[in-house]
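# Architecture at a glance
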Amino acid sequence: MPLPAVAFEAAIVDLDGTMVDTVGDFEVALARALADLGHRPVSRAFIARTVGKGSEYLILRSLVEAGAPETLYEQAWARYQHHYLAINGQYSAVFEGVIPGLQALRAAGLRLACLTNKPNAFARPLLALKGLDGFFEHAFGGDAFARKKPDPLPLVETCKALGTPPARTLMVGDSRNDAEAARAAGCPVVLVSYGYNHGEPAASAHPDAVIDRIDQLAGWLS
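Residues numbered from 1 in each chain as written. Predicted model: local features only at pLDDT ≥ 70, side-chain atom pairs only at ≥ 80, totals over all residues. Heavy atoms only, no water.

In this chain, K149 is followed by P150 through a cis amide linkage whose omega measures 20 degrees. By the element assignment, P150 lies in the loop between β5 (138–140) and α7 (153–162). Positive phi outside glycine occurs at H198, with the angle close to 55 degrees. Relative to the helices and strands, H198 resides in the loop between β7 (189–192) and β8 (209–211). If you check the backbone angles, H206 has positive phi at about 55 degrees while not being a glycine. Here H206 shows up in the loop between β7 and β8. Since its relative accessible area comes to 59%, H206 is described here as exposed. (Helix = DSSP H or I, 4+ residues; strand = E, 2+ residues; numbered from the N terminus. Buried < 20%, exposed > 50% of the residue type's maximum accessible area, 1.4 Å probe, protein only.)

Rendered as structure tokens:
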């Protein structure tokens with residue numbers, strides 16, 4: 001499915017599940033945080049279905065999954081932050097096609113921003129560790145704005161930061177959160193097929209296109 005015939009000026013790219021496979025980081029940090037509170041870990045499959053709505057949501061759902069009371073949230077959040085910052089990026093890997101894809105976007109003259117629901121304190125060090133930070137003019141985490149995706153506000157504000165109209169700013173993500181936010185903001189949207197779309201096929205979010213690798217965009221932008 002080709003992209004709409006749009007003269008794109010910029011692209012906004014999601015992080016977890018789009019550029020970097022971070023389930024391993026989530027799995028280790030959550031297991032250690034829950035162990036600190038005397039509770040069992042949650043499964044990798046559960047994490048893959050649950051990530052994407054921000055760390056706060058992930059922790060709340062993980063407490064429920066582990067049979068722990070939600071009243072432990074503040075303690076769990078503190079322990080999770082502690083462990084995640086200690087291992088951030090150590091159990092994750094950049095997906096194939098991401099770096100050549102970003103290179104192609106830049107070569108096509110697009111301005112780039114990373115927009116994720118991951119907190120800034122986690123997102124920016126991860127981008128740097130994986131050698132991705134140099135591609136982006138801006139990197140905004142889930143706590144950069146008053147609301148997170150799927151609310152359109154983060155995309156609207158990122159377009160303002162880039163200085164590009166939403167209709168000419170491509171959203172590249174992996175889940176319905178990205179698709180819904182993009183639609184509401186007026187951005188065309190492409191989803192990768194391999195991400196963390198809550199256990200559902202990417203096509204179910206009705207993006208403009210589904211791709212298997214980010215470097216597939218090169219052929220549509222040339």
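Moving on to helix α5 (residues 98–107). Every buried residue of α5 is listed here: V98, G101, L102 and L105. What you see down the axis of α5 is that its buried residues fit within an arc of 95 degrees, all on one side. As for α5, its buried residues are in contact with β1 (10–13), β3 (93–94), β4 (111–115) and α9 (217–221). Among the residues trailing α5, G109 stands out with phi positive, at a value near 90 degrees. (Arc of directions from axis to C-beta. Contact = heavy atoms within 4.5 Å.)

With that settled, the discussion passes to the environment of D21. Structurally, D21 can be placed in strand β2 (residues 20–21). Separated by 14 residues in sequence, D21 and A7 have C-alpha atoms that sit 30 Å apart. Leaving out residues up to four positions away in the same chain, D21 has contacts with Y91, S92, A93, F95 and Y196. Of note is the side chain of D21, whose polar atom sits 2.5 Å from the side chain of Y196. (Polar contact = N/O pair within 3.5 Å; in protein donor to acceptor, adjacent residues only side chain to side chain.)

So, about the packing of helix α1 (residues 23–36) against helix α3 (residues 55–65). For the pair α1 and α3, the least separation of the axes is 12 Å and the interaxial angle reads 55 degrees. Taken together, the axis directions place α1 and α3 in an arrangement best described as oblique. The interaxial crossing formed by α1 with α3 has right-handed handedness. Seen from α1, the contacting residues are F26, L30 and L34; seen from α3, they are L58, I59, S62 and L63. Along the lines of polarity and charge, the residues of the contact of α1 with α3 split into six nonpolar, one polar and no charged. (Axes fitted to C-alpha atoms, helices over the stretch in contact; angles between N-to-C directions. Parallel < 35°, antiparallel > 145°, perpendicular 65-115°, else oblique. Left-handed = near helix turned anticlockwise from the far one by under 90°. Nonpolar A, V, L, I, M, F, W, Y, C, P; charged D, E, K, R; others polar.)

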